[in-house]
Amino acid sequence: MANLKIIQGGTVVTAEGETRADVLIEGETVVAVGLDLAADGAEVIDATGAYVMPGGIDPHTHMELPFMGTVASEDFFSGTSAAAAGGTTMILDFVIPAPQQRLMDAYKQWREWAAKSAADYSFHVAVTWWDQSVHDDMGTLATEHGVNSFKHFMAYKNAIMCDDEVLVNSFSRARDLGALATVHAENGELVYKLQQEIFDKGITGPEGHPLSRPPEVEGEAANRAIRIAEVLGAPLYLVHTSCIDALEAVTRARLEGQRVFAEVLAQHLVIDDSHYRNPSWEHAAHYVMSPPFRSKEHQDALWRGLQGGMLQTTATDHCCFCTPQKAAGKDDFRKIPNGTGGVEDRMSVLWHHGVRTGRLTPSEFVAVTSTNAAKIFNIHPRKGSLQPGADADIVIWDPEQTRTISKETSHQNVDFNIYEGMEVTGGAATTLSRGNVVWADGELRTVKGAGKHIDRPCFPDYWEGQTKRNTLAEPTAVDRG
Ligand code: URQ
Ligand code: ZN
Ligand code: ZN
């Protein structure tokens, strides 16, 4: 038998429940989960006193993203390595074509960048403009390259922002392909106008950023995207839902049976907007991301949304810019590259603030950090599960491991940590990527290029149950003789 490993003595936790069991791995694949497994000659990995869970899936990262005149400081190797140190074994990143750039050309570029990844990855592809070639490339990507999700930025006017015409064309195309439309929901026209007004008032520092993107701006876009998707019968996924206004739009739609999914970032659950008024410009600038951090009542609502199933996935939107890069906006907050890190800390932050507070059970933790994303993006049970036949992407989770998050001890390639000083209990003791140990004993053992691209098939049959707008009876012509 090929190289056998057995993870012994742990409590296996999946989205379905938890049980004392061992996990037998042959090569890159889980072959058995249970007790008294035949494991002659297997390497034993001791998990006594620990949980054994599917490795985390982060459905929203931006490694080495060219953005706002610079390039994110985390690349695909360092980013997937930092992820492994935190228990995450797969990322879903984004191909973001420039307007007028062929989607296929951008896709090939990102595939080249991602080849250095240490663990598995896949890509959402952004639609940032529209013509027949975009329509055609979406088809090629969906049928030949395992892309089943297409992203739309409703923010970032004069850059990658989609207007309603693009949304309508692209949502329809995604629906017809059996692919999922996803959105960054902020009204980019309102942001642009508010930025101008705030800057003209002489507010040039990072405190101007949240003022130009209030929750209403996200709520409007979330509702608009949801309504467009409803009329077209297109399933929809909202990334980084950050506020009550957007959560209410998602909740209304889901309660009416519309197929809408929503994601929340770990940082939006535990960090508030007070950082924007920090006396240090650099400190405040490192919290400039979009949507911005919100006041406390929004965090409480997001936790309730996560607990109540209105938010299904957690992510990080890991998009790092070092202090000198952030300084591009020293005199104008509109020029501060938007983005924060967190790919290494997501799972510990969610365990500490979610499971240890009683908000989430360990099974719910697995669902929102791994399994739900695998199901929504159609790679379950290969990913996001621990059943025989699954990839052996596994984290041995030490529920008592306590650490203080700091840029000094972080493996992320960025000179700031948004969770700096936060003490968290619960962390990855050992992480395996397709059966290979990539993190153990506090040491990274990642190998550049060992990660694989994961194809995500479309959902042809998925769309049959789509809700159409109730008033949209089947259109018929009038016979006027
Ligand atoms: O908007 C995004 O998701 C990318 C450009 C990362 N930056 C951010 O501020 N969220
Ligand atoms: Zn975004
Ligand atoms: Zn993003």
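Here is what the cut-offs are and how they apply
- Residues numbered from 1 in each chain as written.
- Chains lettered and ligands numbered in written order.
- Predicted model: local features only at pLDDT ≥ 70, side-chain atom pairs only at ≥ 80, totals over all residues.
- Heavy atoms only, no water.
- Donors = N, O, S within 2.8 Å, 3.2 Å for Na, K, Ca; no water.
- Tetrahedral: all angles 85-135°; square planar, octahedral: opposite > 155°, others 65-115°.
- Helix = DSSP H or I, 4+ residues; strand = E, 2+ residues; numbered from the N terminus.
- 1 Å grid on protein atoms, 1.4 Å probe; cavity = no way out; pocket = protein on both sides within 12 Å on 5 of 7 lines; lining within 4 Å.
- Points joined across faces, edges and corners; volume = space filled by probe spheres on them.
- Nonpolar A, V, L, I, M, F, W, Y, C, P; charged D, E, K, R; others polar.
- Buried < 20%, exposed > 50% of the residue type's maximum accessible area, 1.4 Å probe, protein only.
- Contact = heavy atoms within 4.5 Å.
- Polar contact = N/O pair within 3.5 Å; in protein donor to acceptor, adjacent residues only side chain to side chain.
- Phe/Tyr/Trp six-rings, centres within 6.5 Å; stacked < 30°, edge-to-face > 60°.
- Near = heavy atom within 4 Å.
- Areas by Shrake-Rupley, 256 points an atom, 1.4 Å probe, with all protein chains shown as cover.
- Sits in = over half its atoms within 2 Å of the grid points.

Visitor: Please explain the coordination of the zinc ion (ligand 3) as it appears in this structure.
Guide: Ideal geometry at a metal centre gives angles of 109.5 degrees when four donors are arranged tetrahedrally and 90 or 180 degrees when six donors are arranged octahedrally. Surrounding the zinc ion (ligand 3) are the protein donor atoms His60 (NE2), His62 (NE2) and Asp317 (OD), which sit 2.0 to 2.3 Å from the metal. Taken together, the four donor atoms coordinating the zinc ion (ligand 3) and their angles of 85 to 132° define a geometry best described as tetrahedral. Each donor residue of the zinc ion (ligand 3) belongs to the same chain, and together they define the spacing H-x1-H-x254-D.

Visitor: Please explain the coordination of the zinc ion (ligand 2) as it appears in this structure.
Guide: The coordination sphere of the zinc ion (ligand 2), as far as protein atoms go, consists of His184 (ND1) and His240 (NE2), spread over 2.1 Å. The distance between the zinc ion (ligand 2) and the zinc ion (ligand 3) comes to 3.6 Å. Of this pair, His184 sits in strand 14 (residues 180-184) while His240 sits in the loop between strand 15 (236-238) and helix 8 (244-255), and the two are 56 residues apart along the sequence.

Visitor: Hey, could you run me through empty space enclosed by the protein in this one?
Guide: Any space left empty among the atoms is revealed by the rolling of a water-sized probe across them. Taken as a whole and assessed by the stated rule, the structure comprises two cavities of 30 Å³ or more. Of the pockets and cavities examined, the largest cavity occupies roughly 150 Å³. Around the largest cavity, the lining comprises 17 residues; the ones closest to its centre are His62, Phe67, Tyr156, Asp317 and Asn338. Partitioned by chemical class, the residues of the lining of the largest cavity number eight nonpolar, seven polar and two charged. Space inside the second largest cavity adds up to approximately 80 Å³. Looking at the second largest cavity, it is lined by 14 residues, and the ones nearest its centre are His286, Thr340, Gly341, Val414 and Phe416. A class-by-class count of the residues in the lining of the second largest cavity yields six nonpolar, seven polar and one charged.

Visitor: Explain helix 1 (residues 76-85) to me, please; I cannot follow it from the model alone.
Guide: An α-helix turns once every 3.6 residues. As a result, residues three or four positions apart point the same way. The element helix 1 is largely enclosed, with a buried count of nine among its 10 residues. Every buried residue belonging to helix 1 is among Phe76, Ser78, Gly79, Thr80, Ser81, Ala82, Ala83, Ala84 and Ala85, and all of these are buried. Looking at the buried positions of helix 1, the neighbouring elements they touch are strand 11 (88-95), helix 2 (103-114), strand 12 (120-126), strand 19 (423-433), strand 20 (436-440) and strand 21 (443-444). Residue Asp75 occupies the N-cap position of helix 1, its side-chain oxygen lying 2.8 Å from the main-chain nitrogen of Phe77. Trailing helix 1 by a residue or two, Gly87 shows a phi angle of about 100°, which is positive.

Visitor: Even after reading the chapter, I still don't get the packing of aromatic side chains, so can you show me in this structure?
Guide: Taken as a whole and judged by the stated rule, the model has 13 aromatic pairs. When the ring of Trp110 is compared with that of Trp113, the centres are 4.8 Å apart and the planes differ by 70°; the resulting orientation is edge-to-face. Taken together, the residues Trp110 and Trp113, both in helix 2 and three residues apart, mark about one turn of the helix. What makes Trp110 buried here is its relative accessible area of 5%. Assessed through its relative accessible area of 22%, Trp113 is described here as partly exposed.

Visitor: Which parts of the structure should I look at to understand unusual backbone geometry?
Guide: Most of the time, phi is negative for any residue but glycine, and the peptide bond is trans. Of note, the amide linkage connecting Ser290 to Pro291 takes the cis form, showing an omega dihedral of -5°. Residue position: Pro291 is located in the loop between helix 10 (281-285) and helix 11 (296-307). Cis geometry is found at the peptide bond from His380 to Pro381, where omega equals 5°. In this structure, Pro381 sits in the loop between helix 14 (362-376) and strand 18 (394-404).

Visitor: Help me understand the site of ligand 1 in this model?
Guide: In the vicinity of ligand 1, 13 residues are found, and the nearest of them are Tyr156, His184, Ser290, Asp317 and Asn338. Measuring from an oxygen atom of ligand 1, one finds a side-chain N or O atom of Tyr156 at 2.6 Å. Within the side chain of Asp317, an N or O atom sits 2.7 Å from a nitrogen atom of ligand 1. Starting from 280 Å² of accessible surface for ligand 1 in isolation, the protein chains cover 100%. Mapping ligand 1 onto the cavity grids shows that it belongs to the largest cavity. In the shell around ligand 1, the residues fall into five nonpolar, seven polar and one charged.

What is shown is where atoms sit, not what they do.
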